[in-house]
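Reading the structure
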Amino acid sequence: YISYQPNQRWKIDFIGNISENHYQFTPTTRETSFGTLQDVKSFKVYFDGKEKDIFRTLFGTLRIQRNFTTNTKVSLSASAFHTKEQETYDIQGQYWLDDTQTQEQLGVGTYMEHARNYLTADVQSVKLTANHKMRKHDIEAGVTFKWEKISEQAREYEMRDSSGYSIPHSADRLDLIYSLASKNTLKSTRIEGYLQDTYRFQSKGEKPWYFTLNYGVRMANWSYNKETIVSPRISLAAIPSFNENITFRLATGLYYQAPFYKELRDTSTVNGQTIVTLNDKIKSQRSIHIVGAFD
């Protein structure tokens, strides 16, 4: 994080973050005994293979702020976000179910899981905000433009062999119990804006109550599903005259959680193969909050 202020009118801020996480999983063999004293069974599972995952994230924001007066300022921000996810594994598991008293083999089977999944996402945005303070009001507004590009390539399958035959069993062909294929690219833009005011006032009389009213509205439009959302919210904080260390709060608003790429993924299975498609009819999650608080 770097902040530079050459004079009272200009201020430049930069924040950057790089994160890289590697995960390596190796399953282990285990043997378990169960049953009764007269009928003891032994269940042993042997594993080989491993899983190797990589999650890489880069993020940076540059902001330039101009102070026109002590009460008015405007800032312009540019940010970029990049993430790359890699999930790869080949794991084989085999089991033996035995009767420990007779040494009879009751069952044997194996399965194998395979995956080569890659996801890359790039998001760039430009944001313009303005703030103006008056004697009782603090007005703030902003608008943001975002460009998103996400690409995914995924291949997964699972094979199961139980007691000599493959599952699902077919007389004329060999089928996998699970297989998935995905190759999707998403390009979209988002436009977001907000306007809010913080109004401070007090009641009349010798022992006034002090109030802070914050109200505003947020709007957003996403080009992918053509959805426009409007989110108003308002909150009131009151400090009573009989005790300045007490604050009563009441807030309400309409809130939306816009979906990202993984919420868009939908699957359909045809002839035993699962295909990933993107749902362009998806809508944002919505909730109404009413919150009362006492400090």
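Residues numbered from 1 in each chain as written. Predicted model: local features only at pLDDT ≥ 70, side-chain atom pairs only at ≥ 80, totals over all residues. Heavy atoms only, no water.

**So, the pairing of strand β13 (residues 265-270)**
Of the strand pairs in this sheet, β13 and strand β14 (residues 273-278) are connected by 6 bridges, and their pairing is antiparallel. The residue of β14 that forms the bridge with Thr 269 is Thr 274. Between β13 and β14, which pair antiparallel one after the other, the connecting turn spans 2 residues, and Asn 271 there sits at a positive phi close to 55°. (Pairing = 2+ DSSP bridges. Helix = DSSP H or I, 4+ residues; strand = E, 2+ residues; numbered from the N terminus.)

**Quick word on the packing of aromatic side chains**
Following the criterion strictly, the structure yields 10 aromatic pairs and no others. With 4.8 Å between their ring centres and 25° between their planes, Tyr 199 and Phe 201 make a pair best called stacked. Seen in terms of ring centroids, Trp 209 and Phe 211 are 6.4 Å apart; in terms of plane orientation they differ by 25°. Their pairing is stacked. Residue Phe 211 is classed as buried on the basis of its relative accessible area, which comes to 18%. Through a chain of ring-to-ring contacts, three or more aromatic side chains come together here, namely Tyr 199, Phe 201, Trp 209, Phe 211, Phe 242, Phe 248 and Phe 294. In this arrangement the basic side chain of Arg 66 is found over the ring face of Phe 68, its NZ or CZ atom lying 5.0 Å from the centre. Positioned above the aromatic ring of Trp 222, the side-chain terminus of Arg 190 is 4.0 Å from the ring centre. (Phe/Tyr/Trp six-rings, centres within 6.5 Å; stacked < 30°, edge-to-face > 60°. Buried < 20%, exposed > 50% of the residue type's maximum accessible area, 1.4 Å probe, protein only. Lys NZ or Arg CZ within 6 Å of the ring centre and 35° of its normal.)

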